[in-house]
Amino acid sequence: MSLAQDHQTRRDLSPNDLEAWWLPFTANRAFKKNPRMISRAKDMHYITPDGKQILDAVAGLWCCNAGHNRQPIVEAIQQQAAELDFSPAFQFGHPTAFALASRIAAMAPADLDHVFFSNSGSEAVDTALKIALAYWNVRGQGQKTRLIGRERGYHGVGFGGISVGGIVNNRKFFGGLLTGVDHMPHTYNRQEQAFTKGEPEWGAHLADDLERIVTLHDASTIAAVIIEPMAGSTGVLPPPKGYLKRIREICDKHGILLIFDEVISGFGRLGHAFAAERFGVTPDMICFAKAVNSGTVPMGGVIARKGIYDTFMKGPDHAIELFHGYTYSGHPLAAAAALATLDLYRDEKLFERTKAVESRWMDAVMGLKGLPNVLDIRTIGLVAAIDLASIPDGVGRRAYEAMDVGFREHGIMLRITADTIALTPPLIISDNQIDELIEKVKKCILAVA
Ligand SMILES: Cc1ncc(COP(=O)(O)O)c(C=O)c1O
């Protein structure tokens, strides 16, 4: 048997023991009793080991924005693997990662023009928080150490990310977390905002809570504010109109760095390279990951303003300026995949397409209003969330069952958070596939009514 055939056989075989893999963010016992297994993917679909097509309504996990197994990306990875498998990023470099950094810097707003690579969104967040702390330190203001996040924020699972994050289950099991962290209120109010398309009218005033926090701690102790411009994992909360501008103004007024966590909102999800551009607000750093290479090889990073980078560039020439980095920062395979992905986004005009299809998408999703148990629908860009009423025996059960029945009976992959269904399809979705997706979601909601 050839090596290729051997690999093929391994992929096709059903595993005979599911015990060893402790799955992340998964109900392991339920999964192992009745697994939802995937063996292949192409474009808008996953394919199960027995050949069933599953419409991907979530771009994998908000990452496969170009769709699955796209030939140019596959070839770029294959070619890079054959040319340069790995090269250290500590004191050495390789051309592909430099080309990618320049490319990302050119896509980023204003003078966000230096890129630090990590391997995930969580690492991107830790990197941005550490750069913020070190930045003030290097400037002789080492007392500026406080970090401000937001309730319901999701910034990955590192200790930095869960400390500034605001999702209770991601925090409560893990001890004291980082000290010196405070949280602004989240921006959701169902009474005021239910069934809004795009940015809600109500809620910009919630940004003023940052003034309260500054008054409480004093700006001289605060390093940075980190928020998702559109909160994603908590169940899709588009920012209220004017909210982000107000946050930027308060940060400017008090000399506080503003970090946008764009791990979900970056690379086309809202019709722009970055949500910062869509909302017309320039942060000091942007965290990215996921769709940078359409989820094909782990990669994340931070884009920093020129002034931040320049602050570190002093001292003797041979001295390391920032004591931070990862063995796989700027990994050749991830970087090659990203360059091919960015080419594909450009050549197929996928960000523009997202903008063009947005209103059709929002109308289609809002068509689910009135179905049993639908309490709210929020939608912006190619994103939507549907809140379902919880059933008495447990929060999360109804949406879990909708997700499960979707996969087993209706050929659709959904993402859930508690009783919220999130929809974030690959940006290549056709108009007909939008209709098909909504029809399938409708069946899932009716199945758990
Ligand atoms: C806004 C945000 N930040 C960070 C992360 C963490 O990314 P990762 O799972 O790659 O560590 C996520 C993941 O969904 C995210 O949505």
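Treat the numbers as computed from the prediction; the structure is a model and nothing was measured.

Participant: Whenever I open this one, the domain arrangement of the protein chain confuses me. Can you help?
Facilitator: Bring the parts together and some accessible area is lost; that lost area is often taken as the interface size. Parsing the protein chain into structural domains produces domain 1 (3–66 + 348–447) and domain 2 (74–347). In this structure, domain 1 and domain 2 have C-alpha centres spaced 26 Å apart. Between domain 1 and domain 2, the contact holds 31 residues from the first and 30 residues from the second. Contributing elements (two or more residues each) for the side of domain 1 that touches domain 2: α3 (59–62), α15 (350–366), β11 (374–380), β12 (383–388) and β15 (420–423). A breakdown of the residues in the side of domain 1 that touches domain 2 according to their chemical character gives 16 nonpolar, eight polar and seven charged.

Participant: How do you make sense of the sheet that holds strand β5 (residues 146–150) when you look at a structure like this?
Facilitator: Within a sheet, neighbouring strands are paired by backbone hydrogen bonds and run either parallel or antiparallel to one another. Ordered by their spatial adjacency, seven strands build an open sheet running β4-β10-β9-β8-β7-β5-β6, and the pairing between neighbours is mixed. Strands at the two margins of the open sheet, each flanked by one partner only, are β4 (112–118) and β6 (181–184). On average, each strand axis in the sheet is tilted by 20° relative to the strand beside it, whichever way the strands run. Note that β5 and strand β7 (residues 222–227) share three bridges and pair parallel. Residue pairing across strands places R146 opposite I222, the latter belonging to β7.

Participant: Before we go on, may I ask you to explain helix α6 (residues 121–138) in this structure?
Facilitator: In an α-helix, one turn spans 3.6 residues; hence positions three or four apart end up facing the same way. When the terminal C-alpha atoms of α6 are compared, their 25 Å separation across 18 residues agrees well with the 26 Å that a helix rising 1.5 Å per residue should span. When you tally the buried positions in α6, you get 14 out of 18 residues, the bulk of the element. Backbone geometry just downstream of α6 places G140 in the positive-phi region, at approximately 80°.

Participant: Explanation requested: the packing of α15 against helix α17 (residues 431–447) in the structure shown.
Facilitator: Think of two packed helices as two axes; the pair is described by the angle between the axes and how far apart they sit. Remark: α15 packs on α17, axes separated minimally by 10 Å, with the N-to-C direction vectors making an angle of 20°. Judged on the interaxial angle alone, α17 and α15 are roughly parallel. Where α15 crosses over α17, the handedness of that crossing is right-handed. Counting all contacts with α15, which are made through R360, W361, A364 and V365, the residues of α17 involved are D431, I434, D435 and I438.

Participant: What exactly am I supposed to notice about the nonpolar core here?
Facilitator: Note that soluble globular proteins tend to have their nonpolar side chains buried in a common cluster. Membership of the largest hydrophobic core comes to 129 residues, with the highest contact counts inside it found for A128, V225, I259 and I421. The dominant element in this core, judged by the number of residues it contributes, is helix α14 (residues 332–347), at 11 residues. The two domains that each donate at least three residues to this core are domain 1 (3–66 + 348–447) and domain 2 (74–347). If we skip the residues at most four places from it in the chain, I421 touches A385, I386, L388, A399, A402, L414, I416 and V441.

Participant: What should I look at first to understand the environment of Q80 in this one?
Facilitator: By secondary structure assignment, the location of Q80 is in helix α4 (residues 71–83). Linking Q80 and A336, residues 256 residues apart in sequence, is a C-alpha distance of 6.5 Å. Apart from the residues within four sequence positions on either side, Q80 is in contact with T96, P332, L333 and A336.

Participant: Just checking my understanding: could you explain the environment of V58 for this structure?
Facilitator: Summarising the element assignment, V58 is placed in the loop between β3 (53–56) and α3. Counting along the chain gives 324 residues from V58 to L382, while the straight-line C-alpha distance between them is 10.0 Å. Leaving out residues up to four positions away in the same chain, V58 has contacts with M413, L414, R415, A422, L423 and T424.

Participant: Any chance you could explain the pairing of β11 here in plain terms?
Facilitator: As a general feature of sheets, a regular strand has side chains that alternate between the two faces. Summarising the sheet, β11 and β12 pair through six bridges and their orientation is antiparallel. Bridge pairing in β12 links I380 to V383.

Participant: Please clarify how α17 should be interpreted in this entry.
Facilitator: Between its first and last C-alpha, α17 extends 25 Å over 17 residues, near the 24 Å set by a 1.5 Å rise per residue. When we look at burial in α17, the residues that qualify are L437, I438, K440, V441, C444 and I445. What you see down the axis of α17 is that its buried residues fit within an arc of 165°, all on one side. Of the exposed residues in α17, those oriented more than 90 degrees away from the buried face are D431 and N432. Residues of α17 that are buried make contact with β3, α15, β11, α16 (397–409), β13 (412–413) and β15.

Conventions we followed
Residues numbered from 1 in each chain as written. Predicted model: local features only at pLDDT ≥ 70, side-chain atom pairs only at ≥ 80, totals over all residues. Domains from an automatic or database assignment. Contact = placed C-beta atoms within 7 Å. Helix = DSSP H or I, 4+ residues; strand = E, 2+ residues; numbered from the N terminus. Nonpolar A, V, L, I, M, F, W, Y, C, P; charged D, E, K, R; others polar. Pairing = 2+ DSSP bridges. Axes fitted to C-alpha atoms, helices over the stretch in contact; angles between N-to-C directions. Expected span 1.5 Å × (residues − 1). Buried ≥ 20, exposed ≤ 12 C-beta atoms within 10 Å, placed from the backbone. Parallel < 35°, antiparallel > 145°, perpendicular 65-115°, else oblique. Left-handed = near helix turned anticlockwise from the far one by under 90°. Core = buried A, V, L, I, M, F, W, Y, C linked by C-beta atoms within 7 Å. Arc of directions from axis to C-beta.

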